[in-house]
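An overview of the molecular structure
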Amino acid sequence: MAILTVAMLAAATVVVDEPEGLDAPGDFPAGSGNAIPVLGSSNFCNSGGCKLGEGDCDIGECAATLGCGLNNCRAMNPGMDHVFPSSADCCEPLRPFHYEWCEGKKCGFAEGDCDRSVVECADGLICGRNNCRDMNPGVSESLIPSGADCCTTCASVTSVKSGGPIISAPLKFANGKVVATERTLANPPTMLETSNVHSLPALVSGDKIKLECCASKGEPCNFFVAVYHCPPCSHKKNGGIPAFLASEGWMGSSCAPIFTPTGSSQSQTMTVFHKTLAAGEVFDIPVTGDAPHVAVFSTTGVVDADWCPKKATATGTTGPHRPCVCL
């Protein structure tokens, strides 16, 4: 699970130079001929480059490393309520999840706050909706606005547990293996090597896996659900997922990766189920028992019908006679 690490930033209190002879908020000083905007005026930062604690600002009007806050001028400038209207916005430190964090750059997975009206996410990602807190459970909610939007995959996977949603991050293949924390998936078929891999936390009865294909790109999404498979004992460790997927028309296959549980040297086998979801489609997979070893591969676009040949040549893929042990 990808978690952003954010340094705790103390609330900034900044005292800026108060303009002389100013007794109440206004756009221009008396006798100025309406030529020079003053601190606290709505056009003070129009020329850009405003410093920490200065305002009233708007998006893109603060100096580098700063972003425009929201109704924060009085809090940042104690004793200057007569200078700043209560709704005045002042420049503050720019940090992850600030609404200007992705301005002018391409944010990565689980980064934000992004803007859905422009392209602010890296290639292959889309800007989600109110999802930053869910995608970064290790970050204090006080550092993430409730409405912050973060970049996510078009084919998204959510493990919904009783304590709330946990978003599983796409894991990337390195030297033929997936970099994982709880377990390592190895040697997937060629089709799966180019996909995102979502290594889910241990699931228990009552949880569910939510698969969603975004509507914005207008193209289908393919999901491959891989589950621990070692008959006859694995039926107690698969959460009823294979039986449910088969009943819903998912296509089963032996072209699945193998995995090695943490602390073990024994490779274990999996079975994989594939289904194509249309743009905008959502599919929920209920979990009816313990399922500690589940991974979901996702990709967008059209998948070759022969993605899993009858005689798989990928080394290490699950075969009908591959040895396994009960977990």
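Concerning the nonpolar core
Membership of the largest hydrophobic core comes to 22 residues, with the highest contact counts inside it found for Ile209, Leu211, Phe223, Val225 and Ile241. Taken together, the elements giving at least two residues each to this core come down to β5 (155-161), β12 (208-213), β13 (221-228), α4 (241-247), β16 (270-277), β17 (282-286) and β18 (294-300). In this view, Leu211 contacts Ser156, Val157, Phe223, Trp250, Leu277, Glu281, Val282, Phe283, Ile285 and Val296; residues no more than four positions away in its chain are not counted. Core analysis: the second largest hydrophobic core is formed by 17 residues, Cys102, Ala110, Val139 and Cys151 among them.

Description of the packing of aromatic side chains
For the structure shown, the criterion picks out 2 aromatic pairs. Look at Trp250 and Phe283: their rings are 5.4 Å apart centre to centre, the planes differ by 55°, and that puts the pair in the tilted class. Here the residue Trp250 occupies a position in the loop between α4 and β14 (251-253), and Phe283 occupies one in strand β17, the gap between them amounting to 33 residues. Pair check on accessibility: Trp250 and Phe283 agree, each one buried. Taken together through their ring pairs, the aromatic side chains of Phe244, Trp250 and Phe283 make up a single cluster. The ring of Trp101 has Lys105 lying over it, and the distance from NZ or CZ to the ring centre is 3.9 Å.

Let's talk about the pairing of β13
A large share of β13 lies buried, amounting to 8 of its 8 residues. Two strands pair when backbone bridges link them, and β13 and β16 are joined in this way by 8 bridges, in the antiparallel orientation. Directly across from Val227, in β16, lies its bridge partner Thr271. Relative to β18, β13 runs antiparallel, the two sharing 7 bridges. Paired with Val227 across the strands is Val294, a residue of β18.

As for the state of the cysteines
Scanning the entire structure with this criterion turns up 10 disulfides. Covalent S-S linkage joins Cys73 and Cys90, the inter-sulfur distance amounting to 2.0 Å. For the disulfide bridge between Cys73 and Cys90, the dihedral angle about the S-S bond is near 105°, and by the sign convention the bridge is right-handed. Of the two residues, Cys73 is situated in helix α1 (residues 73-76) and Cys90 in the loop between α1 and β2 (91-93); the sequence distance between them amounts to 17 residues.

Thoughts on the confidence of the model for the protein chain
When pLDDT is averaged along the protein chain, the result is 75; 71% of the residues meet or exceed 70. Put simply, strand β8 (residues 173-174) is where the protein chain has its lowest mean pLDDT, 36, and α1 is where it has its highest, 95. The model gives residues 169-182 a pLDDT under 50, and that stretch makes 43 contacts with residues more than four places away or in other chains. Across residues 310-321, confidence stays below pLDDT 50; counting only partners more than four residues off in sequence or on other chains, it has 21 contacts.

About the criteria used
Residues numbered from 1 in each chain as written. Predicted model: local features only at pLDDT ≥ 70, side-chain atom pairs only at ≥ 80, totals over all residues. Heavy atoms only, no water. Core = buried A, V, L, I, M, F, W, Y, C linked by side-chain atoms within 4.5 Å. Buried < 20%, exposed > 50% of the residue type's maximum accessible area, 1.4 Å probe, protein only. Helix = DSSP H or I, 4+ residues; strand = E, 2+ residues; numbered from the N terminus. Contact = heavy atoms within 4.5 Å. Phe/Tyr/Trp six-rings, centres within 6.5 Å; stacked < 30°, edge-to-face > 60°. Lys NZ or Arg CZ within 6 Å of the ring centre and 35° of its normal. Pairing = 2+ DSSP bridges. Disulfide = S-S within 2.5 Å. pLDDT = per-residue confidence, 0-100.

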